[in-house]
Amino acid sequence: MLQSTPHYHMVDFSGGAVKNDLQGTQSISRAITILRILSERERFGWRLVDLAARCGWSRPTTHRILTVLQRERLVRQREEDRRYQLGPLAFELGLAVSPYMLFQHAAHDTVQGIARRFRTQAIVYTYSGLDTVCAACDGVSPYPSGLEVGTRLPLVCNVGGVAMLAALPPDRCTILVTASEQLARERGLSTMKTLGQMITRARAQGYALNLGKMTRGVNSFGLALFSHQKLFGALAIAGTAEAFPVERTEEVIAAMREAARILEQTAASHGIRGDD
């Protein structure tokens, strides 16, 4: 069952009968939590005090885990400001996941094509628990903060996430929305206005449409992506309301469906399978 805490699937093992085994499992889970949270602000890094607060742990506990991860090169600490970031081993391990690396390279070509066609930003997100992760993007972002490969955002914070939520069974969707909204609040992020209505409409139409509900003057469109009949991500494009008035929806979605077909074929050919 999903936990409504910033620790994603963390389990509280304190006071268990098999305490040693559970403590070992807890340590692994905590290390994974830190790595995931570090990826949320990879460019800016994390101060120890902020990271401990984000994890909900004491500073000594957080520092102890970071020390081990630094020793293993999964985490590094910048010399200039002592902020923590993901380390080189995280990159090296990712290179070994060849199906996803090959998919990412192929996806960029597809994303670039649709971004150039509409002269806007196109994005491929992957589905990651309570989050979306930017796997490929191209074009000029209409958003002030921009977006780059590796950006991790809660499902409820972008149109790609809405498309994914709408593609899931309603009971699972409800659980994920609740947990993802709490995660967004803990990170100080805005969520989609009228989210429930957007999900219902996306489920009926087969695509997600956001008409300025996240950022005024910016319209965005999202299509869920499947591999082997399982959800693995979403394709999204976003642009100004002037460039993408609602009257262009049919044109935009038709182009996105063709791009999505290519992305799904590419994912399946590389053996990528979505989540249940």
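Residue indices follow the written sequence of each chain, beginning from 1 at its first position. Side-chain atom pairs in this predicted model are given and counted only at pLDDT of 80 or more, local residue features only at pLDDT of at least 70, and totals for whole chains, interfaces and linings cover all residues. Calculation of side-chain values draws on the structure's entire complement of heavy atoms; hydrogens and water are dropped beforehand.

**Comments concerning the sheet that holds strand 6 (residues 208–211)**
Backbone hydrogen bonds hold the strands of a sheet together, and the pairing may be parallel or antiparallel. Where we set the bar: What makes two strands pair is DSSP finding at least two bridges between them. Helical segments are the DSSP runs of H or I of at least four residues, strand segments are the runs of E of at least two, and each set is numbered from the N terminus. Axis geometry follows a simple rule: fit a line to the C-alpha atoms, using only the stretch in contact for helices, then measure angles between N-to-C directions, giving values from 0 to 180 degrees. Contact definition: two residues touch when any of their heavy atoms are within 4.5 Å.
Taken together, the 6 strands give an open sheet; going across it, the order is 5-4-3-8-7-6, and neighbouring strands pair in antiparallel fashion. Both outer strands of the open sheet, strand 5 (152–154) and strand 6, are each paired with one neighbouring strand and no more. In this sheet, adjacent strand axes meet at a mean angle of 30° when their direction is disregarded. As paired strands, strand 7 (residues 218–227) and strand 8 (residues 230–240) are joined by 10 bridges and run antiparallel to one another. The residue bridging L225 from the neighbouring strand is G233, located in strand 8. Here helix 6 (residues 159–167) sits on the sheet in contact with strand 3 (121–128), strand 4 (131–138), strand 6, strand 7 and strand 8, set at roughly 45° to strand 7. Those strands touched by helix 9 (residues 249–269) are strand 3, strand 6, strand 7 and strand 8, and its axis lies near 30° from that of strand 7.

**As for the packing of aromatic side chains**
Defined as follows: Think of it this way: a Phe, Tyr or Trp ring, Trp meaning its six-membered ring, pairs with another when their centres are within 6.5 Å, and the plane angle makes it stacked under 30 degrees, edge-to-face over 60, tilted otherwise. We call a residue buried when its accessible area falls under 20% of the maximum for its residue type, exposed when it is over 50%, and partly exposed in between, using a 1.4 Å probe and counting protein chains only.
In total, this model carries 3 aromatic pairs according to the counting rule given. Seen in terms of ring centroids, F221 and F244 are 6.0 Å apart; in terms of plane orientation they differ by 65°. Their pairing is edge-to-face. Of the two residues, F221 is situated in strand 7 and F244 in the loop between strand 8 and helix 9; the sequence distance between them amounts to 23 residues. Residues F221 and F244 agree in their burial class; the two are buried.

**Looking at the pairing of strand 8**
Taking burial as the measure, the 11 residues of strand 8 include 9 buried ones, the bulk of the element. Hairpin geometry of strand 7 and strand 8 is characterised by an intervening segment of 2 residues between the two adjacent antiparallel strands and by a positive phi of about 55° at H228.

**Some remarks on the pairing of strand 6**
Bridging between strand 6 and strand 7 involves 4 bridges; their strand directions are antiparallel. Across the sheet, the residue bridging to N210 is S220, located in strand 7. Taken together, strand 6 and the strand that follows it, strand 7, pair antiparallel across an intervening segment of 6 residues, in which G212 is found at a positive phi of about 70°.

**Observations concerning the state of the cysteines**
Let me state the cut-off plainly: Only a pair of cysteine sulfur atoms within 2.5 Å counts as a disulfide in this structure description.
As enumerated under the stated definition, the model contains 0 disulfides in all. Counting only cysteine sulfurs, C137 is the nearest neighbor of C134, a cysteine outside any disulfide, at a range of 3.9 Å. Taking relative accessible area as the criterion, C134 reaches 2% and is therefore assigned buried.

**Quick word on the nonpolar core**
As a reminder of what qualifies: Residues grouped as a nonpolar core are buried Ala, Val, Leu, Ile, Met, Phe, Trp, Tyr and Cys residues, joined through side-chain atoms within 4.5 Å.
Counting 33 residues, the largest nonpolar core has L165 and I199 as the members making the most contacts within it. Sorting the residues of this core by element identifies strand 3, strand 4, helix 6, helix 7 (170–186), helix 8 (195–205) and strand 8 as the ones contributing at least two each. Within the second largest apolar cluster, 28 residues are counted, among which are A107, Y207, L235 and V252.

**A short note on empty space enclosed by the protein**
What counts here: Only protein atoms enter the calculation, which uses a 1 Å grid: trapped sets of points that fit a 1.4 Å probe without letting it out are cavities, open sets showing protein on both sides within 12 Å along at least five of seven lines are pockets, and any residue with an atom within 4 Å of a point is a lining residue. Grid points are joined across faces, edges and corners, and a volume is the space filled by probe spheres set on the points.
In this structure the tally under the stated criterion is 1 cavity of 30 Å³ or more. The calculated volume of the largest cavity comes to roughly 40 Å³. Breaking the lining of the largest cavity down by element, the ones donating at least two residues are strand 3 and strand 8. The element that contributes the greatest number of residues to the lining of the largest cavity is strand 8, accounting for 3 residues.

**Observations regarding the pattern of salt bridges**
Where charged atoms from two side chains of opposite charge come close, those side chains can pair. Our working rule: Salt bridge, as used here: a side-chain nitrogen of Lys or Arg that lies within 4 Å of a carboxyl oxygen of Asp or Glu.
Enumeration according to the criterion identifies 11 salt bridges in this entry. Salt-bridge contacts for R47 lead to D50; the nearest nitrogen and oxygen are separated by 2.8 Å. In this structure R47 comes out as partly exposed when scored by relative accessible area, which is 41%. The exposure class assigned to D50 is partly exposed, which follows from its relative accessible area of 24%. In this structure, the salt-bridge partner of E92 is R73, at a minimum N-O distance of 2.7 Å. Highlighted residues: E92 in helix 4 (residues 88–95) and R73 in the loop between helix 3 (59–71) and strand 1 (75–77), separated in sequence by 19 residues. Judged by its relative accessible area of 33%, E92 falls in the partly exposed class. Salt bridges sharing common partners tie together R78, E80, D81 and R83.

**Some remarks on the confidence of the model for the protein**
Note the threshold: For every residue, the predictor reports its confidence as pLDDT, a number between 0 and 100.
Mean pLDDT over the protein works out to 89, with 91% of the residues at or above the 70 mark. Every residue in residues 1–19 scores below 50 in pLDDT, and together they form 35 contacts with partners more than four places removed in sequence or on other chains.

**Looking at the packing of helix 2 (residues 48–55) against helix 3**
For clarity, the cut-off: Each angle is binned into one of four classes, with values under 35 degrees roughly parallel, values over 145 roughly antiparallel, values of 65 to 115 roughly perpendicular, and all other values oblique. Gly falls in the polar group here, along with every residue not listed as nonpolar (Ala, Val, Leu, Ile, Met, Phe, Trp, Tyr, Cys, Pro) or charged (Asp, Glu, Lys, Arg).
The contact between helix 2 and helix 3 brings their axes to 9 Å, and the two run at 105°. Judged by the angle between their axes, helix 2 and helix 3 are roughly perpendicular. Together, L48, V49, L51 and A52 of helix 2 and R59, T62, H63 and L66 of helix 3 make up the contact between the two elements. Taken together, the residues that form the contact of helix 2 with helix 3 break down as 5 nonpolar, 2 polar and 1 charged.

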